[in-house]
Amino acid sequence: MSYTKEILASAERQYADQPEFLQAMREVLESLEPVIAKNEEEYKKEALLERLIVPDRVVMFRVPWVDDQGNARVNTGYRVQFNNAIGPYKGGLRLHPSVNLSVIKFLGFEQIFKNSLTGLPIGGGKGGSDFDPKGKSDREVMAFCQSFMAELWKYVGADRDVPAGDIGTGAREIGYLFGMYKKLNGNFEGVLTGKGLTYGGSLARKEATGYGLLYLTEELLKTHGQKLAGKTVVVSGAGNVAIYAVEKAQQLGAKVVTVSDSNGWIYDPDGIDLAALKEIKEVKRARIKEYLSYRPNAVYTEGKGVWSVKCDVALPCATQNELLLDDAKALVANGVTAVCEGANMPTSIEATKYLQANGVLFVPGKAANAGGVATSALEMSQNSERLSWSFEEVDAKLKTIMVGIFRNIDAAAKRYGMDGNYVAGANIAGFEKVANAMLAQGVC
Ligand code: GLU
């Protein structure tokens, strides 16, 4: 049995209770097999894979807070510091009822390779809580965030671990978390990214994940002799990634016809009204069903369904495992050309394999959505030099990074004889840098 298979088999036994983490590990390790086979003796001697799949540490803690009725409530907080071989731990905080150790470990594991692909000096980490900000008052969200940081502050820092946003964590939450960190630690430092513009945030950070996704998609299509202009695009989700994916897709001349949330989805044959979408989600914090009051010609359907809509390009921007085998079949039957992931691991392994086998250009989240964390790293640079760059400067850097990521994963896939397999390309290119740094730093 190969070293990779051995590690995977023992992980399957050890982490049977962590399905999302296992899924992320399977996807990465399977495609790394040829790379690892080339260096099998050295990697095995150094226990490189064993060290890669066990986080440096996991912090789990109680988060007590008081709701508006005066009742004490308790959530569980997590921070997984996975790997800091190439830079301080970096990754978002997810606030969603589905959060558990498996979800945070899968996200942290993905983040190692994603952050490496950005070419910037950031390690992999992730955190969050099963707290649900939906339907909570600002005061309740603040109470939660302050309690969360009252524990987390001991483990983070501008040169140590720099959390950021993710599902459920936006500018409001980052503000409350930053305020509490500063109060406890006393330092005004870039301990979080995605900060407000008045206290060290970066222009274009809010837009970065969605914009970056489209910069990469455009480069992918260009490489295959096509362009985004005139294409029909299906987007899932209606959060920060989806909103700015819609915006950039429209700026590049595509027509986006869907968005969704966890209750249902919108089909707008005339193209999504971006101003309405922003007002519903960013101002009112309402459900996507509200869109109908802005655009009566649109159709709202309860449940899942965006992948049944005929399109050229599909951009899953909601959450993990939202695009399954049957969805992939529907997309292929409708003639989809490209699927690029705005969310983390939205496509199941079976669905990914089906898309690739049917000639669909597929780029995984760790490459396609890396623009968010890349711009977070640019925010860290600005904080370190105590300067703020213009929107244009950050956006131009983001574009260069996304084009660079695509070229890098394309080249890595070709180097191993897997031309066009961007899953393998992303895993290989992301892994090589981290493995190299880990080996250079010795067994630690
Ligand atoms: N949560 C985002 C991600 O999945 C951004 C992380 C960050 O900016 O640190 O990459």
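Calculation notes
Residues numbered from 1 in each chain as written. Predicted model: local features only at pLDDT ≥ 70, side-chain atom pairs only at ≥ 80, totals over all residues. Heavy atoms only, no water. Pairing = 2+ DSSP bridges. Helix = DSSP H or I, 4+ residues; strand = E, 2+ residues; numbered from the N terminus. Axes fitted to C-alpha atoms, helices over the stretch in contact; angles between N-to-C directions. 1 Å grid on protein atoms, 1.4 Å probe; cavity = no way out; pocket = protein on both sides within 12 Å on 5 of 7 lines; lining within 4 Å. Points joined across faces, edges and corners; volume = space filled by probe spheres on them. Nonpolar A, V, L, I, M, F, W, Y, C, P; charged D, E, K, R; others polar. Contact = heavy atoms within 4.5 Å. Parallel < 35°, antiparallel > 145°, perpendicular 65-115°, else oblique. Buried < 20%, exposed > 50% of the residue type's maximum accessible area, 1.4 Å probe, protein only. Near = heavy atom within 4 Å. Polar contact = N/O pair within 3.5 Å; in protein donor to acceptor, adjacent residues only side chain to side chain. Areas by Shrake-Rupley, 256 points an atom, 1.4 Å probe, with all protein chains shown as cover. Right-handed = clockwise from strand over helix to strand, strands pointing away. Core = buried A, V, L, I, M, F, W, Y, C linked by side-chain atoms within 4.5 Å. Salt bridge = Lys/Arg side-chain N within 4 Å of Asp/Glu carboxyl O. Phe/Tyr/Trp six-rings, centres within 6.5 Å; stacked < 30°, edge-to-face > 60°.

Our next topic: the sheet that holds strand β4 (residues 123-129). Read across the sheet, five strands follow the order β1-β2-β4-β3-β5 without closing on themselves; strand pairing throughout is mixed. If you trace the sheet from one side to the other, it starts and ends with β1 (57-66) and β5 (161-164), each paired once. Recorded for the sheet is a direction-independent mean angle of 20 degrees between the axes of neighbouring strands. Pairing of strand β2 (residues 72-83) with β4, which is carried by six bridges, proceeds in the antiparallel orientation. Each bridged residue has a counterpart across the sheet, and for Y78 the counterpart in β4 is G128.

Looking at the second largest pocket, its volume works out to about 450 Å³. Taken together, 22 residues line the second largest pocket, and the ones lying closest to its centre are G190, M380, Q382, N383 and S384. Among the residues forming the lining of the second largest pocket, the class breakdown is 10 nonpolar, eight polar and four charged.

Turning next to the sheet that holds strand β11 (residues 338-340). Sheet strands pair via backbone hydrogen bonds, and the direction of the pair is either parallel or antiparallel. Strand order in the open sheet formed by seven strands is β9-β8-β7-β6-β10-β11-β12, with mixed pairing between adjacent strands. Both edges of this open sheet fall to β9 (299-302) and β12 (361-363), since each of them pairs with a single strand only. Going across the sheet, the axis of each strand differs from the next one's by a mean of 15 degrees, ignoring polarity. In the sheet, strand β10 (residues 313-316) pairs with β11 via two bridges, with the strands oriented parallel. Bridge pairing links A314 to V339 in β11. Against the sheet, helix α9 (residues 240-251) contacts β6 (232-236) and β7 (255-260), and its axis sits at roughly 170 degrees relative to β7.

Turning next to the packing of helix α5 (residues 101-117) against helix α17 (residues 422-440). Between α5 and α17, whose axes approach to 8 Å, the crossing angle comes to 85 degrees. Relative to α17, the element α5 is oriented roughly perpendicular. From α5, I112, F113, S116 and L117 reach across to α17, where they touch A426, N427, A429, G430, F431, K433 and V434. Residues of the contact of α5 with α17, tallied by class, amount to seven nonpolar, three polar and one charged.

It is worth spelling out the environment of E41 at this point. Position of E41 relative to the elements: it lies in helix α3 (residues 40-45). Among the residues examined, E41 registers a relative accessible area of 74% and is labelled exposed. Linking E41 and Y3, residues 38 residues apart in sequence, is a C-alpha distance of 8.9 Å.

Attention now moves to the site of the ligand. Around the ligand, 14 residues are found, and the nearest of them are K90, K114, G165, D166 and S376. D166 has a polar side-chain atom sitting 2.8 Å from a nitrogen atom of the ligand. Separating an oxygen atom of the ligand from a side-chain N or O atom of S376 is a distance of 2.5 Å. Protein chains bury 94% of the 290 Å² of accessible surface belonging to the ligand in isolation. Going through the elements one at a time, β3 (89-95), α5 and α15 (371-385) are the ones with two or more residues in the shell around the ligand. Classifying every residue of the shell around the ligand gives two nonpolar, seven polar and five charged.

Within β3, seven of the seven residues are buried, leaving the element largely enclosed by the surrounding structure. As judged from the five bridges shared by β3 and β4, these two strands associate in the parallel manner. Of the residues in β4, the one forming a bridge with R94 is G128. One crossover worth recording links β3 to the parallel β4 by way of α5, and it is right-handed.

We now examine the nonpolar core. Membership of the largest hydrophobic core comes to 106 residues, with the highest contact counts inside it found for M25, F109, L277, L315, V363, I409 and F431. Ignoring sequence-local partners within four residues, the contact set of L277 consists of A238, I243, V246, V259, I272, E282 and I288. Core analysis: the next-biggest nonpolar cluster, separate from the first, contains 23 residues, W65, L95, V191 and Y199 among them.

Moving on to the pattern of salt bridges. Using the criterion set out here, one finds 27 salt bridges in the structure. Close ionic contact of R407 with E219 constitutes a salt bridge, the shortest N to O distance being 3.0 Å. Here R407 is found in helix α16 (residues 391-415), whereas its partner E219 is found in helix α8 (residues 205-223), with 188 residues between them in sequence. Overall, E219 belongs to the buried group, its relative accessible area being 8%.

Bringing the packing of aromatic side chains into the picture now. Per the counting criterion, the structure on display carries 15 aromatic pairs. Ring centres 5.8 Å apart and planes at 90 degrees place the aromatic pair F21 and F109 in the edge-to-face group. Taken together, the residues F21 in helix α2 (residues 19-38) and F109 in helix α5 connect sequence positions 88 residues apart. Of the two residues, F21 and F109, neither departs from the other in class, the shared state being buried. Between Y43 and F431 the ring centres are 5.9 Å apart and the planes differ by 80 degrees, which places this aromatic pair in the edge-to-face class.

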